[in-house]
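The chain contents come next:
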Amino acid sequence: MWLNRHLKDDPVIRWKIDENKKKSARLSFFKFLKHGKRMICNRFLLLFTVSSLFLAFWIRGEEKVGTIDLIGKLPEQHLLVEVVWKPKDLARGLMYRESLPENQGMLFVLPFEQKAVFWMKNTRIPLSIAFMDKRGKILEIYSMKPFDLTPIPSQSSFVKFALEVNEGWFERHKLLAGDQLTPKDTTWEKLLLLLKN
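Computed from a predicted structure; not experimentally measured.

**So, the overall build of the protein**
Alright, step 1. Broken down by element type, the protein carries five helices and nine strands.
Alright, step 2. Moving toward the C terminus, one meets the helices and strands of the protein in the order α-α-β-β-α-β-β-β-β-β-β-α-β-α.
Alright, step 3. For the protein, the residues scored as buried account for 29% of the 197 residues in total.
Alright, step 4. For the protein, the proportion of contacts with a sequence separation of at least 24, taken over those separated by at least 6, is 67%.
Alright, step 5. Of the roughly 13500 Å² that the protein leaves accessible, carbon and sulfur atoms contribute 62%.

Below, the structure is given as structure tokens:
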């Protein structure tokens, strides 16, 4: 204690102490700046991430699902399908299309489980349709002829999905009533939840 008091009276020591205080103050200021910058950067990064996720969710919510891959038990049972669930898209379906690639189709997501009825108005591609339940189990398969206005009803009242593909696709890929199709990398429940939001 005494030594410190004694030394503080010395002008050289006092000058060094003052310099050290200034240096310490400068270091504290720069530390504050550095820490402040880091905090600002972290907050900005967090805000950017949250905003990006929100934007992605919002866009996904608007666009929902464009296409999904459906797969069966066998490697050749693989299909890229366009997903439709809005009333105007459900009504339009594959109308006016010129062609449909072999391993592509359209998946109709019906608003509730029901007895479904489809027809081929303004549809020039010969198609096969599979009526499926909410778990993706194929209940019934029918062939549909171009421009045929004859209604094709399901026998089951538990149809949640209807899958349209090129005529004969199910036969060529060894799929029958009772077989299961599942969305790749997700589940039917998650798909329906996404479309509902």
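**A look at unusual backbone geometry**
Alright, step 1. Positive phi outside glycine occurs at Tyr96, with the angle close to 70°.
Alright, step 2. Relative to the helices and strands, Tyr96 resides in the loop between helix 3 (87-92) and strand 3 (104-114).
Alright, step 3. Since its relative accessible area comes to 46%, Tyr96 is described here as partly exposed.
Alright, step 4. Here Lys174, not a glycine, exhibits a phi torsion of approximately 60°, which is positive.

**Examining the pattern of salt bridges**
Alright, step 1. All chains considered together, the criterion is met by six salt bridges.
Alright, step 2. Lys88 is the partner of Asp89 in a salt bridge, and the nearest nitrogen-oxygen pair spans 3.8 Å.
Alright, step 3. Judged by relative accessible area, Asp89 falls into the partly exposed class, the value being 26%.
Alright, step 4. Here Lys88 falls in the exposed class, since its relative accessible area comes to 61%.

**Description of the environment of Glu140**
Alright, step 1. Along the chain, Glu140 falls in strand 6 (residues 138-144).
Alright, step 2. Taking the C-alpha atoms as reference points, Glu140 and Gly178, separated by 38 residues in sequence, lie 8.2 Å from one another.
Alright, step 3. Among residues more than four places away in sequence, those in contact with Glu140 are Ile129, Ala130, Phe131, Pro153, Ser154, Gln155 and Ser156.

**Some thoughts on the packing of aromatic side chains**
Alright, step 1. Counted by the stated rule, this structure contains five aromatic pairs.
Alright, step 2. Geometrically, the ring pair formed by Phe161 and Trp188 is tilted, given 4.4 Å between the ring centres and 40° between the ring planes. With a gap of 27 residues between them, Phe161 in strand 8 (residues 159-166) and Trp188 in helix 5 (residues 188-196) connect regions that are remote in the sequence.
Alright, step 3. The class of Phe161 is buried, set by a relative accessible area of 0%.
Alright, step 4. What links up through ring pairs into an aromatic cluster is the set Phe108, Phe118, Phe131 and Tyr142.

**Focus on helix 5**
Alright, step 1. Trp188, Leu191 and Leu195 are the residues of helix 5 that are buried. Taken end-on, helix 5 shows its buried residues confined to a sector of 65°, consistent with a single buried face. Opposite the packed face of helix 5, turned more than 90 degrees from it, sit the exposed residues Glu189, Lys190 and Lys196.
Alright, step 2. Elements in contact with the buried residues of helix 5: strand 1 (67-71), strand 2 (78-84), strand 3, strand 5 (127-132), strand 8 and strand 9 (182-183).

**What to know about the side chain of His173**
Alright, step 1. As for its placement among the helices and strands, His173 is situated in the loop between helix 4 (169-172) and strand 9.
Alright, step 2. Accessibility expressed as a relative area gives 10% for His173, which makes it buried.
Alright, step 3. Within the structure, the side chain of His173 is placed 2.9 Å from the backbone oxygen of Trp169, a separation counted as a polar contact.
Alright, step 4. Every residue in contact with His173, bar those within four places of it in the chain, is listed here: Glu76, Gln77, Glu102 and Asn103.

**Quick word on the nonpolar core**
Alright, step 1. Judged by nonpolar contacts, the single largest core of 20 residues is most densely connected at Leu107, Met132, Leu163 and Phe170.
Alright, step 2. Going through the elements one at a time, strand 1, strand 2, strand 3, strand 5, strand 8, helix 4 and helix 5 are the ones with two or more residues in this core.
Alright, step 3. Core analysis: the second largest hydrophobic core is formed by 18 residues, Leu100, Met106, Ile125 and Val159 among them.

Thresholds, definitions, all that
Residues numbered from 1 in each chain as written. Predicted model: local features only at pLDDT ≥ 70, side-chain atom pairs only at ≥ 80, totals over all residues. Heavy atoms only, no water. Helix = DSSP H or I, 4+ residues; strand = E, 2+ residues; numbered from the N terminus. Buried < 20%, exposed > 50% of the residue type's maximum accessible area, 1.4 Å probe, protein only. Contact = heavy atoms within 4.5 Å. Areas by Shrake-Rupley, 256 points an atom, 1.4 Å probe, with all protein chains shown as cover. Salt bridge = Lys/Arg side-chain N within 4 Å of Asp/Glu carboxyl O. Phe/Tyr/Trp six-rings, centres within 6.5 Å; stacked < 30°, edge-to-face > 60°. Arc of directions from axis to C-beta. Polar contact = N/O pair within 3.5 Å; in protein donor to acceptor, adjacent residues only side chain to side chain. Core = buried A, V, L, I, M, F, W, Y, C linked by side-chain atoms within 4.5 Å.

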